[in-house]
Amino acid sequence: SEARCQETQQRPNIVFAIADDWGWPHAGAYGDPVVKTPTFDRLAKEGILFTHAHVIAPTCTASRGGILTGQAAHRLEEGANLWSRLPTKFRCYPDILEEAGYVVGSMRKGWGPGSLEGTGRNRNPAGPTFRSFKDFMATVPPDRPFCFWFGSHDPHRPYEAGSGAASGMDLSRIRVPPFLPDTPTVRSDIADYYFEIQRFDRELGEIVQILEETGRFENTLIFVTGDNGMPFPKAKATCYDAGTHVPLAVCWKARVPGGRTVEDFISLTDVAPTILEAAGLSPLPEMTGKSFLNVLTSSASGQVDPSRDHVFTERERHTCTRPNDASYPVRSIVTGRWHLIWNLSLIHI
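None of the values given here were measured: they were computed from a predicted structure.

Conventions adopted
Residues numbered from 1 in each chain as written. Predicted model: local features only at pLDDT ≥ 70, side-chain atom pairs only at ≥ 80, totals over all residues. Heavy atoms only, no water. Helix = DSSP H or I, 4+ residues; strand = E, 2+ residues; numbered from the N terminus. Rg over C-alpha atoms; globule rule 2.2 N^0.38 Å. Buried < 20%, exposed > 50% of the residue type's maximum accessible area, 1.4 Å probe, protein only. Contact = heavy atoms within 4.5 Å. Areas by Shrake-Rupley, 256 points an atom, 1.4 Å probe, with all protein chains shown as cover. Lys, Arg positive; Asp, Glu negative; His and termini not counted. Charge placed at Lys NZ, Arg CZ, Asp CG, Glu CD. Arc of directions from axis to C-beta. Polar contact = N/O pair within 3.5 Å; in protein donor to acceptor, adjacent residues only side chain to side chain. Pairing = 2+ DSSP bridges. Axes fitted to C-alpha atoms, helices over the stretch in contact; angles between N-to-C directions.

Peer 1: Can you explain the overall build of the protein chain? Please cite residues and give values.
Peer 2: Each helix and strand counted, the protein chain has ten helices and ten strands in total. Whereas a compact globule of 349 residues would reach a radius of gyration of roughly 20 Å, the protein chain reaches 19 Å, a difference of no more than 12%. Principal axes of the C-alpha set define a box for the protein chain whose edges measure 65 × 45 × 40 Å. For the protein chain, buried positions account for 59% of its 349 residues. Pairs at least 24 apart in sequence give 72% of the contacts found in the protein chain among residues at least 6 apart. Here the protein chain displays about 14,600 Å² of accessible surface, and carbon together with sulfur accounts for 52% of that area. Across the protein chain, the centroid of the 36 positively charged side chains sits 2 Å from that of the 40 negatively charged ones.

Listed below in structure tokens is the structure:
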């Protein structure tokens, strides 16, 4: 019917862009003096820049599973670990949107690394795979909303050694994190990491350009973030701040007042219920994440929702590095002042 068509057109399109191993605060919008991220910076300026976004787990598969299901990683059974499975009983927001009439697609790294065997799934939980966003958009009718997952492989290792310096980066201006030694080798390695962040940002810019050319930009809810911290010691695969703290910008010109910096704590498990609510659907009761649509549609900056004063993070196992492939679980809570890490690993196997 005409009313249904109008309602469908009013629902937002969804673009979720996720970099692989991109940690906070490595973006121009956060004041980094070296890495250049003009697309992220633009979306943060026209939307919201979040300063306290954390993944549920500092490891690819569990983090992505938490984003897609809106659930804490320990609830996902084997999906809490790297190179695992995510059975269909754990419902993912792209499937739910597809059932509601959305056209769904993804490119490159979706959920994973892992296996679909024995899960009941015949495609990646992030959606059917396309070679590019342009190819995906060619399948989207003008009267249908869409949901797209852009999963870059950048800035995951390995890097091309010296690529950052060769691109003209001034290594003397790099802010070396205090948990790393400040040496020429480390500075060059960080520059190589920055080089790949910039490549992710350029590709994100191509997606934004297509949205503008097709007249879809205004009513597209765009999330830009990373799946865990930078791939360096005491960062990725740990529940230290550098392992779970990630960049986050959200832009939706049609409904989200822009030009704001928000200090609320956001868990990326909150993304799925937020997307569902924005699409006019109810978050699933099993979702531990909570929609932050109220924060997005507010006009306030700083601390918007007083209840968002903490996040939980966790890890079961990243790699099989302990005897008998034993786990080495961690639970953590982060607030504005404190960061408690509870190491549950057994001393003896």
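Peer 1: Which residues make up helix 2 (residues 38–46), and what values do they have?
Peer 2: Turn by turn, an α-helix covers 3.6 residues, leaving residues three or four places apart pointing in a common direction. For helix 2, the complete set of buried residues consists of Thr-39, Phe-40, Leu-43 and Ala-44. An end-on view of helix 2 places all buried positions within 135° of arc, on one side of the element. What points out from helix 2, more than 90 degrees from its buried face, is the exposed set Pro-38 and Lys-45. Close packing links the buried residues of helix 2 with strand 2 (48–54), helix 7 (184–213), strand 5 (220–226), strand 6 (245–251) and strand 7 (260–267).

Peer 1: Account for the environment of Ile-14, with residues named and values stated.
Peer 2: Looking at where Ile-14 falls in the secondary structure, it is placed in strand 1 (residues 13–19). Ile-14 gets classed as buried once you look at its relative accessible area, which sits at 0%. Separated by 88 residues in sequence, Ile-14 and Tyr-102 place their C-alpha atoms 9.4 Å apart.

Peer 1: Which residues make up the side chain of Asp-95, and what are the values?
Peer 2: Along the polypeptide, Asp-95 turns up in helix 4 (residues 93–99). A distance of 3.0 Å separates polar atoms of two side chains, one belonging to Asp-95 and the other to Arg-123. If sequence neighbours within four positions are ignored, Asp-95 has contacts with Arg-121 and Arg-123.

Peer 1: I'd like a description of the side chain of Gln-198, backed by residues and values.
Peer 2: Position of Gln-198 relative to the elements: it lies in helix 7. Setting aside anything within four residues of it in sequence, one finds Gln-198 in contact with Val-34, Val-35, Lys-36 and Met-169.

Peer 1: Could you give an account of helix 9 (residues 271–278), naming the residues involved and the relevant values?
Peer 2: Most of helix 9 is tucked away: seven of the eight residues are buried. Restricting attention to buried positions, one finds in helix 9 the residues Val-271, Ala-272, Pro-273, Thr-274, Ile-275, Leu-276 and Ala-278. Where helix 9 is buried, its residues meet strand 1, helix 3 (60–69), helix 4, strand 5, strand 7 and helix 10 (293–297). Of the residues flanking the end of helix 9, it is Gly-280, one or two places downstream, whose phi is positive at about 85°.

Peer 1: So what's going on with the sheet that holds strand 4 (residues 146–151)? Which residues, and what values?
Peer 2: The sheet built from seven strands is open, its strands ordered 3-4-1-5-6-2-7 with mixed pairing. Both outer strands of the open sheet, strand 3 (103–108) and strand 7, are each paired with one neighbouring strand and no more. Ignoring which end each strand starts from, the neighbouring axes of this sheet average 15° apart. Examined bridge by bridge, strand 5 and strand 6 share four bridges and lie antiparallel to one another. Of the residues in strand 6, the one forming a bridge with Thr-225 is Leu-248. Relative to strand 1, helix 3 is tilted by about 165°, and along the sheet it contacts strand 1 and strand 4. Its contacts with the sheet put helix 7 on strand 1, strand 3, strand 4 and strand 5, and the angle it makes with strand 1 is roughly 170°.

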